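A look at the structure
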Amino acid sequence: MVMEEESRPVPAAPAAKPVFDRSTKPSERLTNIQHQVRPVTISRMRNLAPVYGSMGRSRTGLKNLGNTCFMNSVVQCLSATTLLAQYFINDNYVTHINRRNPLGRGGEVVEEFAVVIKALWSGQYRSISPRDLRDTVYKYVPEFRKHMGHHHDSQEFLLFLMDGLHEDVNQVTKREYIEEPDYAKMADEEASRISWANHKRFNRSVIVELFQGQFKSTIRCLTCHHQSVKFDSFTFLTLPIPSSGRTHLKDCLANFSKPEKMTGDDAVYCSRCKAKRNSVKTILLWKLPPVLLICLKRFYHEGMWRQKLQTMVEYPLSDMDMSSFTLGPRNRNPYNLFAVSNHTGTLDGGHYTAYCKNAVNKRWYKFDDHEVYDVSAGNIKSSAAYILFYTSIDLPPP
């Protein structure tokens, strides 16, 4: 049994159930985190069912608790994001918990995630059972409970977890309506700055600081040629794979920014025509976050059936220059890969694993549920790669 001290929760309204839209593309830096002393008001017992044995820090496996490999893979990758891990290990999150946030989960998600992260970095265990984290996920997304004959998507879990962590520690407590200006009438630099400032008025958390960037979205009416412009935040990029053979990540990035025709049921309302019109939509990368998450769009629908692309996508392990794909302020630092969530097999019999670069010894490891193996850097690239974790900042051991 593992003892974890926590504040007594304040009842909160249940959060809305996440909706995953597979047909669309998903929508400042962490500079200084002050250590806070965690208040002790109540103790709760958690059974992590640990298998003892020192493997080294951040080299602990996660037991599969019944088709939970999708969860294990993502958790290991986020654990390798050491500035995020440090936020939990040092209990910085405690004073940020926003239990009354109607968009959050009453602090439940962030507390259970913190317990797992601390155990993974303790260096005491060969493996643990993240049962309480799993049960919390099931509570808010019952679809993840399904086992046989159901494919769980690690991207969907990542979306739920990142949103849950963000809203549970979102330091914004008062929300007021903000009327958005007409960004099309502004210079891009001014429009992006105002939009980002408005975003930060509603969203202030470690997730925003580390993982969120900004899109520039332009919609042009094909009837009157009126253009509307928006700057939207994003937490990860979902990139289409342009071929079924072999391709490169830069081709996926180029394909992402291609203009897309919006016709028929996808026609967009034009404020000048006062009606839905066929339009052209373009999404460009304006500003990139310190930690860049890239999801390769391997799963797609073909009629009633969901299929998977086994395409080999080449991607750099280090020194990835994103300046040619960024419209706004360029990040002078290149991006280096530090984790990969993999999916092998088919939708009927697939399995998730993770490759993570250890911040302590700088070596790569494969996390296959409770098993942890050494793996050479030359084996990191494969057609199983699904979510890529890149960083443009140093990730020291927490």
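So, here's what we can say about the structure.

Rules used throughout
Residues numbered from 1 in each chain as written. Predicted model: local features only at pLDDT ≥ 70, side-chain atom pairs only at ≥ 80, totals over all residues. Heavy atoms only, no water. Core = buried A, V, L, I, M, F, W, Y, C linked by side-chain atoms within 4.5 Å. Buried < 20%, exposed > 50% of the residue type's maximum accessible area, 1.4 Å probe, protein only. Helix = DSSP H or I, 4+ residues; strand = E, 2+ residues; numbered from the N terminus. Contact = heavy atoms within 4.5 Å. Pairing = 2+ DSSP bridges. Axes fitted to C-alpha atoms, helices over the stretch in contact; angles between N-to-C directions. Phe/Tyr/Trp six-rings, centres within 6.5 Å; stacked < 30°, edge-to-face > 60°. Lys NZ or Arg CZ within 6 Å of the ring centre and 35° of its normal.

**Re the nonpolar core**
- Formed by 66 residues in total, the largest nonpolar core has its most connected members in Leu78, Phe88 and Phe157.
- Top element by residues in this core is helix 3 (residues 108–120). It accounts for 9 residues.
- Once residues lying within four places of it in the same chain are set aside, the contact partners of leucine 78 are Leu84, Phe113, Leu158, Leu161, Met162, Phe211 and Phe389.
- Counting 30 residues, the second-largest nonpolar core is a separate cluster that includes Leu288, Val313, Met322 and Ile380.

**Considering the sheet that holds strand 20 (residues 364–368)**
- Ordered in space as 8-14-22-18-19-20-21, the 7 strands form an open sheet in which the pairing is mixed. At either end of the open sheet lies a strand with only one pairing partner, and these are strand 8 (237–240) and strand 21 (371–374). Each adjacent strand pair in this sheet contributes to an overall mean axis angle of 20°, direction not counted.
- One ladder, built from 4 bridges, connects strand 20 with strand 21; its direction is antiparallel. Bridged to aspartate 368 within strand 21 is glutamate 371.
- With respect to the sheet, helix 5 (residues 154–168) is in contact with strand 8, strand 14 (291–297), strand 18 (336–344), strand 19 (351–357) and strand 22 (385–391), its orientation differing from that of strand 22 by roughly 40°.
- Packed on one face of the sheet, helix 8 (residues 249–256) meets strand 8, strand 14 and strand 22 and runs near 100° to strand 8.

**What about unusual backbone geometry?**
- Its identity is not glycine, yet alanine 49 carries a phi of approximately 40°, on the positive side.
- Looking at the secondary structure, you find alanine 49 in the loop between strand 2 (42–46) and strand 3 (51–52).
- Residue classification places alanine 49 among the partly exposed positions, given a relative accessible area of 29%.
- One non-glycine residue with positive phi stands out, namely lysine 274, at about 60°.
- Take lysine 274: it is sitting in the loop between strand 11 (268–270) and strand 12 (275–277).
- What makes lysine 274 exposed here is its relative accessible area of 59%.

**Comments concerning the packing of aromatic side chains**
- On inspection of all chains with the given rule, the structure shows 13 aromatic pairs.
- Judged by centre distance (5.7 Å) and plane angle (35°), the ring pair of phenylalanine 215 and phenylalanine 256 falls under tilted. Taken together, the residues span a long stretch of sequence, with phenylalanine 215 in strand 6 (residues 213–221) and phenylalanine 256 in helix 8 at a distance of 41 residues.
- You can call phenylalanine 215 buried: its relative accessible area is 4%.
- Relative to tryptophan 286, the ring of phenylalanine 231 lies with its centre 5.5 Å away and its plane at 80°, an arrangement referred to as edge-to-face. Of this pair, phenylalanine 231 sits in strand 7 (residues 227–234) while tryptophan 286 sits in strand 13 (residues 279–287), and the two are 55 residues apart along the sequence.
- Residue classification places tryptophan 286 among the buried residues on the basis of a relative accessible area of 4%.
- Grouped by ring-pair contacts, the aromatic residues Tyr87, Phe88, Tyr93 and Phe113 constitute a single cluster.
- Here the basic side chain of arginine 105 rests over the ring of tyrosine 140, its NZ or CZ set 6.0 Å away from the ring centre.

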